[in-house]
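Topology and contacts: notes
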Amino acid sequence: MDYNYPLSHHWSTEEIIDVVAFFQAVEKAYEGEIKRENFMDAYRAFKKVVPSMAEEKTIFKEFEDVSGFNSYRVVKKGKEANAGDMISQK
């Protein structure tokens, strides 16, 4: 991993931690697998920081441009998965 996360200087330290944790959860889904509950918890925390769908799309695109990881696809899998499932984007 040799890239920077898309972050805003307007966010608090706690908000930055939540956003970084979400992107790390996306990375886990691409590099292996992650429990659905853990991923969705990270996504819910991310949504508290970034409630706007337009801003979410922009941040997801910025992250995909630097990492190659499509956050939307992992979120979609997480929403479609059942409780207890592992999600992977391999």
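For the structure given in this document, a descriptive report is provided here. The structure presented is a predicted model; accordingly, all values stated were derived computationally and were not measured. Here the residue numbering is sequential within each chain, running from 1 through the sequence in written order. Residues qualify for local features only when their pLDDT is at least 70, as the model is predicted, and side-chain atom pairs are given and counted only at 80 or more; totals for whole chains, interfaces and linings, by contrast, use all residues. Working from all heavy atoms in the structure, the side-chain values ignore hydrogens and water.

So, about the overall build of the protein. The helix and strand inventory of the protein stands at four helices and two strands. Its C-alpha atoms give the protein a radius of gyration of 12 Å, near enough to 12 Å, the size a compact globule of 90 residues would have. Dimensions of the protein, computed from the C-alpha atoms along their principal axes, are close to 35 × 25 × 20 Å. For the protein, the residues scored as buried account for 44% of the 90 residues in total. We call two residues in contact when some of their heavy atoms are within 4.5 Å. Pairs at least 24 residues apart make up 62% of the contacts formed inside the protein by residues separated by at least 6 positions. The protein chains shown are the only cover counted for residues, whose accessible areas, like all others here, come from Shrake-Rupley with a 1.4 Å probe. Total accessible area computed for the protein in this model is approximately 5500 Å², and 49% of it derives from carbon and sulfur atoms. Helix numbers and strand numbers start at the N terminus; a helix is a DSSP run of H or I with at least 4 residues, a strand a run of E with at least 2. Every radius of gyration here is taken over C-alpha atoms, with the globule rule written as 2.2 Å times N^0.38, N being the number of residues. Working definition: with a 1.4 Å probe on protein chains only, accessible area under 20% of the residue-type maximum means buried, over 50% means exposed, and in between means partly exposed.

This part is about the packing of helix α2 (residues 36-49) against helix α4 (residues 71-80). Where α2 meets α4, the axes come as close as 10 Å, and the angle between the chain directions of the two elements is 120°. Between α2 and α4, the angle falls in the class oblique. Two packed elements cross with a definite hand, and for α2 against α4 that hand is left-handed. Facing Arg36, Phe39, Met40 and Tyr43 of α2, the residues of α4 in contact are Val74, Val75, Gly78 and Lys79. Residue polarity is assigned by list, with Asp, Glu, Lys and Arg as charged and Ala, Val, Leu, Ile, Met, Phe, Trp, Tyr, Cys and Pro as nonpolar; anything else, Gly included, falls into the polar class. Among the residues making up the contact of α2 with α4, the classes are represented as five nonpolar, one polar and two charged. With axes taken as lines fitted to C-alpha atoms, and helix axes fitted only over the stretch in contact, angles between N-to-C directions fall between 0 and 180 degrees. For this classification, under 35 degrees means roughly parallel, over 145 means roughly antiparallel, 65 to 115 means roughly perpendicular, and everything else is oblique. Put simply, a crossing is left-handed when the front helix is turned counterclockwise from the back one by less than a right angle, and right-handed when it is turned clockwise.

Let's shift gears to the side chain of Ser71. Structurally, Ser71 is set in helix α4. For Ser71, a relative accessible area of 1% corresponds to the buried category. The contact partners of Ser71, leaving out residues within four places of it in the chain, are Phe22, Phe23, Val26, Phe60 and Phe63.

Within soluble globular proteins, side chains that are nonpolar tend to cluster in buried spots. What we call a nonpolar core is a set of buried Ala, Val, Leu, Ile, Met, Phe, Trp, Tyr and Cys residues that are connected through their side-chain atoms within 4.5 Å. Ranked by internal contacts, the top residues of the largest apolar core, which has 27 residues, are Phe22, Phe23, Val26, Phe39, Tyr43 and Phe46. Elements supplying a minimum of two residues to this core: α1 (13-31), α2, α3 (53-67) and α4. Per element, the largest residue contribution to this core is eight residues, and it comes from α1. With residues up to four places along the chain from it excluded, the contact list for Phe22 reads Phe39, Ala42, Tyr43, Phe46, Phe60, Ser71 and Val75.

Two rings from Phe, Tyr or Trp (for Trp, the six-membered ring) form a pair when their centres are within 6.5 Å of each other. A pair whose planes differ by under 30 degrees is stacked, one over 60 is edge-to-face, and the rest are tilted. The full count for this structure, using the stated rule, is 15 aromatic pairs. Ring centres of Phe22 and Phe39 lie 5.6 Å apart, and the angle between their planes is 45°; on these two criteria the pair is classed as tilted. With Phe22 in helix α1 and Phe39 in helix α2, this residue pair connects regions lying 17 residues apart in the sequence. Overall, the relative accessible area of 0% leaves Phe22 in the buried class. Taken together through their ring pairs, the aromatic side chains of Tyr3, Tyr5, Phe22, Phe23, Tyr30, Phe39, Tyr43, Phe46, Phe60, Phe63 and Phe69 make up a single cluster.

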